[in-house]
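The chain contents come next:
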Amino acid sequence: MTTTSGGDEFGRELRRLREQAGLTQVQLAARLGYHHTYVSKIESGTREPRIAFASKADDVLGAGGALLAAATRVRARQRTDLGIVTATATVPVPRAPHAGDSPRASPAGEVQLPAYGVTCPSHGSDGCAAPVPAGLADVPGVAGRTVGTETLHGFTALLTTYIEADIRAVGGDLAQTVEQALRTLMTVVPKARGDHAGGLLQLAARYADLAGWMRVKRGQHGIAMTWLQRGVEWALASDGLATACESLGRMSVIAMIEGDGLTALEYSRAAAAVDGSRRWTAVHAQLGQARAWALLGDHREFAALTHSARRGAERLGDRDRIEAPWLTGVEGETFTASHLAAGLRDLAKATGDREMAGRAAAFAATSLSNVPSRMHGSRLVLTLRLADSEACRGDLDTAVHIARPVMPAVTASLNTTIRHELDGLRVRLGTRFDELFDPPVSRAGP
């Protein structure tokens, strides 16, 4: 679904706020540093509002973010029509209570960018060294009026520390910390000028994507979807197309967790439509579509899409390796094997095909053997997926043997993706589920 309003939505709001401030177009243009004919065209809806113009007008007219939000919606809709519902000004972003400050992940005090698929908005794939701030208050531009490249560096460096901490975490909760940083970032955007405004909005999209995924792992899918929709919108408005693809992929995962294969398929197709110039986005979207078809029980579509994705992964280039390192090299093989294991397991569950379940177990074992030990959550998910695949194959003894050692960590985790795998295994093991616990859990009778 898309809304019908376009540039005129922003223009009407700009005119209303300008007149409310008692300014003519010439006077407003002078304060903003633009020609008055540009302001006239913006108000009439014949020119698309730039993010830099919107953030500056927001500041000058005291709009409290309303103009920036309107410009973001307009630019996002004009980039592409993905056929999805995007956030509106009437839908608030989630609010998080005060949380602890950021973890310091870099003992050297700086991070080399790109890292974890995150590039500096100022330097891109050329790379740079960004100092890691001690906390949000130490990011240049947060406490004052001057926003520049150092501000981008600060928020980018913090983002990489959050991503690294999330990768290592099994328990704990970084969602509040990330959301606090994101809300702080959005208070800085109206102060920015020129390319810095667009760069900060690109970073906001990355933060929203991470916040959404953290909410997914907490089982808070409604809040997660709000963040992810905002992430898509901010990404499209600032030409952060890679982030838009990732966020749509996460939306597809939410649908799969909820057992909705058709909705998962639509989000994966939307991800594929974001940017045809990037090979990795096609590979990522095809793997998502394959998982959705597996959930729907269609082996033919699953096989065709996974074959295409694996061939595409072999042709990934330098930009793909920078933006999506998890799809390249050994890490890419591990990521793909994990998806194949999940899809084949779902197909085996739907069809009762034990040979297919055996293939799922083989892919799960391959993926598990290559996952770094620091990725604790991923190792738990894959261990349960391997056990579940063995259970689908009918080998309950092996399933129990594989899953039992990780059960203390699994039961202590609140991660919904881990719990989702456990729920499937519980169904397949039936009365033997209690054997996963040592000593076995005693369950009260009715």
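Computed from a predicted structure; not experimentally measured.

1. Quick notes on the overall build of the protein chain
- Regarding its fold elements, the protein chain presents 20 helices and two strands.
- Considering the protein chain as a whole, with its 446 residues, one finds that 54% of them fall into the buried category.
- Counting only contacts in the protein chain whose residues sit at least 6 apart along the sequence, the fraction spanning at least 24 positions is 68%.
- For the protein chain, the accessible area works out to roughly 19,100 Å², and carbon and sulfur atoms hold 50% of it.

2. A closer look at helix H15 (residues 329-351)
- The first and last C-alpha atoms of H15 sit 33 Å apart over 23 residues, in line with the 33 Å expected at 1.5 Å per residue.
- Looking one or two residues beyond H15, the residue adopting positive phi is Gly352, at roughly 75 degrees.

3. Considerations on the packing of helix H8 (residues 195-217) against helix H9 (residues 221-237)
- Between H8 and H9, the least distance of the axes is 8 Å, while the angle of their chain directions is 160 degrees. Considering the angle they form, H8 stands roughly antiparallel to H9. Our pair here, H8 against H9, has a crossing hand that is left-handed. Two secondary-structure elements touch here, H8 through Leu201, Ala204, Ala205, Ala208, Asp209, Ala211, Gly212, Arg215 and Val216 and H9 through His221, Ile223, Ala224, Trp227, Leu228, Gly231, Trp234, Ala235 and Ala237.
- For the contact of H8 with H9, a count of residues per class yields 13 nonpolar, three polar and two charged.

4. Description of unusual backbone geometry
- The amide bond that connects Leu113 to the next residue, Pro114, takes the cis arrangement and shows omega of 0 degrees.
- Along the chain, the position of Pro114 falls in the loop between strand E1 (110-113) and strand E2 (128-131).
- The backbone phi angle of Tyr116 is positive, close to 55 degrees, even though this residue is not glycine.
- The phi angle at Asp239 is positive, at roughly 65 degrees, despite the residue not being glycine.
- Its place among the elements puts Asp239 in the loop between H9 and helix H10 (241-257).

5. Points about the pattern of salt bridges
- Tallied over the full model, the rule gives 19 salt bridges.
- Put simply, Glu266 and Arg269 hold a salt bridge, and the shortest N to O gap is 3.1 Å. Here the residue Glu266 and the residue Arg269 both occupy positions in helix H11 (residues 261-274), the gap between them amounting to three residues, near one helical turn.
- The shortest N-O distance in the salt bridge between Asp275 and Arg278 comes to 2.4 Å. With respect to burial, Asp275 and Arg278 carry one shared label: buried.

6. Some remarks on the side chain of Thr281
- Position of Thr281 among the secondary structure elements: in helix H12 (residues 279-295).
- What makes Thr281 buried here is its relative accessible area of 1%.
- Ignoring sequence-local partners within four residues, the contact set of Thr281 consists of Cys245 and Asp275.

7. Details of the packing of aromatic side chains
- Evaluated as defined, the whole model comprises eight aromatic pairs.
- With a centroid separation of 4.9 Å and 85 degrees between ring planes, the pair formed by Tyr34 and Phe53 is classed as edge-to-face. On the criterion of sequence distance, the pair formed by Tyr34 in the loop between helix H2 (25-32) and helix H3 (36-44) and Phe53 in helix H4 (residues 51-61) is long-range, its members being 19 residues apart.
- We classify Phe53 as buried; its relative accessible area is 0%.

8. Describing the side chain of Thr328
- Tracing the backbone through its elements, the reader meets Thr328 in the loop between helix H14 (318-323) and H15.
- Here the side chain of Thr328 touches Pro325 through a polar contact of 3.1 Å, landing on its backbone oxygen.

9. Describing the nonpolar core
- Grouped together as the largest cluster of nonpolar side chains are 65 residues, with contacts concentrated most on Phe155, Leu200 and Tyr207.
- Put simply, the parts of the chain that give this core at least two residues each are H4, helix H6 (149-168), helix H7 (175-188), H8, H9, H10, H11 and H12.

10. Observations concerning the confidence of the model for the protein chain
- In the predicted model, the protein chain carries a mean pLDDT of 86, and 88% of its residues have values of at least 70.
- The model gives residues 1-5 a pLDDT under 50, and that stretch makes six contacts with residues more than four places away or in other chains.
- A low-confidence stretch, residues 441-446 stays under pLDDT 50, and its non-local contacts, those more than four residues away or across chains, total four contacts.

Calculation rules
- Residues numbered from 1 in each chain as written.
- Predicted model: local features only at pLDDT ≥ 70, side-chain atom pairs only at ≥ 80, totals over all residues.
- Heavy atoms only, no water.
- Helix = DSSP H or I, 4+ residues; strand = E, 2+ residues; numbered from the N terminus.
- Buried < 20%, exposed > 50% of the residue type's maximum accessible area, 1.4 Å probe, protein only.
- Contact = heavy atoms within 4.5 Å.
- Areas by Shrake-Rupley, 256 points an atom, 1.4 Å probe, with all protein chains shown as cover.
- Expected span 1.5 Å × (residues − 1).
- Axes fitted to C-alpha atoms, helices over the stretch in contact; angles between N-to-C directions.
- Parallel < 35°, antiparallel > 145°, perpendicular 65-115°, else oblique.
- Left-handed = near helix turned anticlockwise from the far one by under 90°.
- Nonpolar A, V, L, I, M, F, W, Y, C, P; charged D, E, K, R; others polar.
- Salt bridge = Lys/Arg side-chain N within 4 Å of Asp/Glu carboxyl O.
- Phe/Tyr/Trp six-rings, centres within 6.5 Å; stacked < 30°, edge-to-face > 60°.
- Polar contact = N/O pair within 3.5 Å; in protein donor to acceptor, adjacent residues only side chain to side chain.
- Core = buried A, V, L, I, M, F, W, Y, C linked by side-chain atoms within 4.5 Å.
- pLDDT = per-residue confidence, 0-100.

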